[in-house]
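Residues per chain are reported as follows:
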Amino acid sequence: MRLPSLPRSIGVLVALGVVLLGCEVGPATPQTTPAAPASLPARPASERAEQRPSPAPMLYPRIARMAVTTRLDADEAPAEELTTVPGQVEVVYLTVEVNEVPAGTTLTAVWLHDGSEFSRSDRVVGEVIREPQWLAFPLRPTSPLPGGDYVVRLLVNGQVVDSLVFTVSGSAAGPPAAQGRAQLAFVAELPVEGGTVEPRSLFSSETRQVVAVLTDPPPGTELLSRWYYNNGLLAEIPPDELLTPAMRTFTLRSEQPLPSGPYRVEVLASGQVVASGEFIVQGSPPAASQAAVEDFTVVTAIDPGTQAPGGPPVDAVDAPATVYAAVLVRDVEAGDLIEIVWVRNGVEVARYPITGLQLRYNWVSLSYEIPEQPADSTVAYRAIVVLNGTPVRDHSLVVRP
């Protein structure tokens, strides 16, 4: 059984057979409104010949402050705020104080060293947050961190909101610990012998079983998996029967469909966390959804107040580049699921789910970082917007080295 290289984050990867359905753009155009937070600031459309309904007041993510620490208080607040941490540290936290966060918002801490990302920590807000609250994002090295300067960035629904710089003291050699060999993926069931494991981070509302697959497990150690639901401990599950030394599996089973929301899994070897990952069980969509995608494009800039495209669509860019997938949606309810899927040379490389929103007529935009490309070659990218499981729009993009 072979396992392909695993994609990053909750965000996001399910094998996709794409059938594109046409959809015409509606006659109305969203109107620029006063600036709002840049994380997911959707605004109503202007009134033209056809009147558009005014949206109900919405809750936008509000970030108060951030800190780096190695110890937490009981409410996840930092016991102390640090600018330097030791290289032998067991865990480093990015702690974020939030004032308001809508349900379904994904917050991500991205850890970088020498300009390269080496780990990320995700949390999906299951219930709306309306009062100040601390959220912690852990980095758990399995070997000493090299000395030097580090950066941790906070992303809200895929967009960079803020960043902090901190220093690791000491001169430990080698790459950051998160570059270790162990990787954790999630599947609904294992394929037959010789098949390919296709990792995913989003499971349907009817899911009764999830299999966590650990590749390259540490040899000669006692393994255990811990499963968390909405950040509360759900179960501790030992490994399944050994299939191959290069892979161990842990299976969560339920007689009833698993509750919808975010799940996190940690695999421990002799009591130490060696791999972790997250997935989401999707809620049931509305019985008769009226949601629609009226426009979809890829641009290099967006209006920070409305999230509307800040320039014309782009069909080609030079790598590396930051682009934005901008979606104009109508009549979206909390149970609707919007997904932005990125495909590179015919292979899905990223999937970003958005759920828990109520939008009448708004733009929603998510950034995407296109890495450097091989010299003397161009790469074909395609961005696809999927609404409640159905691909409805796409945009092709040629990426030059």
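Notes on the structure follow.

Here is what the cut-offs are and how they apply
- Residues numbered from 1 in each chain as written.
- Predicted model: local features only at pLDDT ≥ 70, side-chain atom pairs only at ≥ 80, totals over all residues.
- Heavy atoms only, no water.
- Helix = DSSP H or I, 4+ residues; strand = E, 2+ residues; numbered from the N terminus.
- Buried < 20%, exposed > 50% of the residue type's maximum accessible area, 1.4 Å probe, protein only.
- Areas by Shrake-Rupley, 256 points an atom, 1.4 Å probe, with all protein chains shown as cover.
- Core = buried A, V, L, I, M, F, W, Y, C linked by side-chain atoms within 4.5 Å.
- Contact = heavy atoms within 4.5 Å.
- Polar contact = N/O pair within 3.5 Å; in protein donor to acceptor, adjacent residues only side chain to side chain.
- Phe/Tyr/Trp six-rings, centres within 6.5 Å; stacked < 30°, edge-to-face > 60°.
- Salt bridge = Lys/Arg side-chain N within 4 Å of Asp/Glu carboxyl O.

If you tally the helices and strands in the protein chain, you get zero helices and 24 strands. In the protein chain, which comprises 401 residues, the share counted as buried stands at 47%. In the form shown here, the protein chain has an accessible surface area of approximately 18,700 Å², with 49% of it arising from carbon and sulfur atoms.

This part covers the nonpolar core. Core analysis: the largest hydrophobic core is formed by 33 residues, its most contacted members being Ile340, Trp342, Ile370 and Leu397. A per-element tally of this core places strand 19 (residues 321-332) first, with six residues. In this view, Ile370 contacts Val317, Ala319, Pro320, Ala321, Val323, Tyr381, Leu397 and Val399; residues no more than four positions away in its chain are not counted. Membership of the second largest hydrophobic core comes to 25 residues, among which are Ala109, Trp111, Leu139 and Leu145.

Below, the discussion takes up the environment of Arg400. Along the chain, Arg400 turns up in strand 24 (residues 390-400). Between the C-alpha atom of Arg400 and that of Glu372, which follows or precedes it by 28 residues, the distance is 9.0 Å. Once residues lying within four places of it in the same chain are set aside, the contact partners of Arg400 are Ala316, Val317, Asp318, Ala319, Gln373 and Thr378. Only 2.7 Å separates the side chain of Arg400 from the side chain of Asp318, close enough to count as a polar contact.

Moving on, we get to the packing of aromatic side chains. As enumerated under the stated definition, the model contains 11 aromatic pairs in all. Centre to centre, the rings of Phe203 and Phe279 are 5.4 Å apart; their planes meet at 75°, and the pair counts as edge-to-face. A residue pair is termed long-range when its members are at least 10 positions apart, and Phe203 in strand 10 (residues 202-203) and Phe279 in strand 16 (residues 272-281) qualify at 76 residues. Like Phe279, Phe203 is buried.

A separate point is the pattern of salt bridges. Scanning the entire structure with this criterion turns up 14 salt bridges. Here Arg382 ties to Asp394 by a salt bridge, and the two come within 3.3 Å at their closest N and O atoms. Of this pair, Arg382 sits in strand 23 (residues 379-387) while Asp394 sits in strand 24, and the two are 12 residues apart along the sequence. Classification of Arg382 by relative accessible area gives partly exposed; the value is 25%. Through salt bridges with shared partners, a single network forms among Arg65, Glu81 and Glu97.

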